[in-house]
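# Topology and contacts: notes
The residues making up each chain are set out below.
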Amino acid sequence: MAFASVVLKRTLSHSAVMSSAIKQVTIIGSGLMGAGIAQVAAQTGHNVTMVDIDGAAVEKAQKRIGASIQRVAKKKFKEDESAAETFIKEAMERLTTSTNAAESVTSADLVVEAIVENLDVKKKLFGELDKVAPEHTIFASNTSSLAISSIAEATNRKDRFGGLHFFNPVPVMKLLEVVRIPETSQATYEAMCAWGKAMGKATVECKDTPGFIVNRLLVPYLFEAIRMLERGDASARDIDTAMKLGAGYPMGPFELADYVGLDTASFIVNGWAKGDPENPLFGSSPIVEQKVAEGKLGVKSGEGFYVYNKSK
Ligand code: CAA
Ligand code: NAD
């Protein structure tokens, strides 16, 4: 018993040290996911730099964060307007923005990358950041589908590299998949888990397999729904209604595909198909490819399977 309690104390104090070590966080990519991760990090007391190569994307993200944090504060401080205002003000003060990734990592404890789902682009970014980030900085990718070990190849810090896979919308979804590659050190893994908890998320441990846990199940389901539509088995609207009312899902598969982004959905299955072309679960969809080619990316562009308010 005494031994167990010493072990527990050591484990706790180690985690506490690692978690307190992650104070300064840089989020690269300020799209759907980067903005959400940056928001939650700022809300939970971290100093955050949110970066994008596109200045307009940063501005859009700031607006989205402004609206989302209002909803969070309203829910958290129902009766107390002034506490809600303070919460928002303090969180926003902890959030700075940049369009220069290299400059933004020089004092980071953790870098979370949430840029376009493209291996070469992610490797190029991490290769550059590896040269300028401090020795202790942990690198993590929020990739939906790429192998973390392939991305980590671009760096000399594989022991300080892992996957931190959040879910959209980040302020609402409670899960964080923590992905370790064989080289990820135990200290890095524990620091990532502790940070996830500090972000208010429940963590699950994942191996570096395609789609980790959630997407390995969810993405083939989305594409099977799209194949039903292509075969003419049912309309998108009816499939969505069926899965919401018949299976209790909060969104139907077409609503969810639009919400995730059809470009991201396409990158995911096409990437998997390259590695495993015979797997019928990784088949692409002509409708999705057509919509992506037309710039109909879902909610973020104003149209996908459905049409949305263009200001979204
Ligand atoms: N920011 C802050 N709060 C938000 C929010 C946001 N962006 N979006 C919704 N909320 C909050 C609202 O304030 C509301 O809170 P209360 O009910 O306490 O007032 C609550 O969430 C519900 O919101 P709404 O009433 O507006 O809408 P809803 O009930 O339809 O829920 C939803 C919206 C949470 C998005 C829900 O439809 C849902 O869970 N959809 C499924 C999402 C999902 O499956 N995500 C995973 C996608 S896969 C992925 O992310 C991985 C990948 O790699 C592709
Ligand atoms: P998005 O298209 O909304 O945003 C991507 C952002 O990255 C854009 O603003 C773009 O300008 C920026 N960017 C591209 N290259 C860059 C670079 N070299 N440096 C800095 N910024 C760059 O995409 P998203 O949906 O936020 O997805 C981002 C990542 O998160 C992807 O890897 C995706 O697979 C993953 N992901 C997406 C979801 C989802 O539901 N959309 C969920 C979990 C994980």
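Throughout what follows, the structure given in this document is the object of discussion.

About the cut-offs
- Residues numbered from 1 in each chain as written.
- Chains lettered and ligands numbered in written order.
- Predicted model: local features only at pLDDT ≥ 70, side-chain atom pairs only at ≥ 80, totals over all residues.
- Heavy atoms only, no water.
- Near = heavy atom within 4 Å.
- Polar contact = N/O pair within 3.5 Å; in protein donor to acceptor, adjacent residues only side chain to side chain.
- Areas by Shrake-Rupley, 256 points an atom, 1.4 Å probe, with all protein chains shown as cover.
- Helix = DSSP H or I, 4+ residues; strand = E, 2+ residues; numbered from the N terminus.
- Salt bridge = Lys/Arg side-chain N within 4 Å of Asp/Glu carboxyl O.
- Buried < 20%, exposed > 50% of the residue type's maximum accessible area, 1.4 Å probe, protein only.
- Patch = residues over 30% accessible without salt bridge, like charges linked within 9 Å, V, L, I, M, F, W, Y side chains within 5 Å.
- Lys, Arg positive; Asp, Glu negative; His and termini not counted.
- Charge placed at Lys NZ, Arg CZ, Asp CG, Glu CD.
- Axes fitted to C-alpha atoms, helices over the stretch in contact; angles between N-to-C directions.
- Parallel < 35°, antiparallel > 145°, perpendicular 65-115°, else oblique.
- Left-handed = near helix turned anticlockwise from the far one by under 90°.
- Contact = heavy atoms within 4.5 Å.
- Nonpolar A, V, L, I, M, F, W, Y, C, P; charged D, E, K, R; others polar.

### With respect to the site of ligand 1
Among the 19 residues in the neighbourhood of ligand 1, the closest are listed as Ser-68, Arg-71, Lys-75, Ser-144 and Asn-215. In the environment of ligand 1, an oxygen atom lies 2.7 Å from a nitrogen or oxygen atom belonging to the side chain of Asn-215. Contact with the protein chains covers 65% of the free accessible surface of ligand 1, which is 1,000 Å². Elements that contribute at least two residues to the shell around ligand 1 include exactly α3 (55–76), α9 (214–231) and α11 (253–260). When residues of the shell around ligand 1 are assigned to their parent elements, the largest contribution, 4 residues, is made by α3.

### Brief notes about the pattern of salt bridges
The final tally for this structure, using the stated rule, is 16 salt bridges. Residue Glu-93 is joined to Lys-89 by a salt bridge in which the shortest nitrogen-to-oxygen separation is 3.0 Å. Note that Glu-93 and Lys-89 are positioned in helix α4 (residues 81–93) at a spacing of 4 residues, about one turn of the helix. Just as Glu-93 is exposed, Lys-89 falls in that class too.

### Here we look at a negative patch on the surface
Taken together, Glu-79, Asp-80, Glu-81 and Glu-85 make up a surface patch of like negative charges. Following the sequence through the fold, Asp-80 ends up in the loop between α3 and α4.

### Things to note about the packing of helix α2 (residues 32–43) against α3
In contact at an axis separation of 10 Å, α2 and α3 are set at 50° when each is read in the N-to-C sense. Regarding the angle of α2 to α3, the classification is oblique. Seen along the crossing, α2 lies across α3 with a hand that is right-handed. When α2 is examined against α3, the residues Leu-32, Ala-35, Gln-39 and Gln-43 are found in contact with a partner set consisting of Ala-61, Arg-64, Ile-65, Ser-68, Ile-69 and Val-72. When the residues that make up the contact of α2 with α3 are grouped by side-chain class, the tally is 6 nonpolar, 3 polar and 1 charged.

### Regarding the site of ligand 2
If you check the shell around ligand 2, you find 23 residues, and the closest are Asp-52, Glu-117, Lys-122, Ser-144 and Val-260. The contact in question runs from a nitrogen atom of ligand 2 to an N or O atom on the backbone of Ile-53, over 3.4 Å. In the model, a nitrogen atom of ligand 2 is placed 2.8 Å from a nitrogen or oxygen of the Val-260 main chain. The protein chains hide 87% of the 830 Å² of surface that ligand 2 would expose on its own. Of the residues assigned to the shell around ligand 2, the class counts are 10 nonpolar, 8 polar and 5 charged.

Keep in mind these values describe shape, not function.
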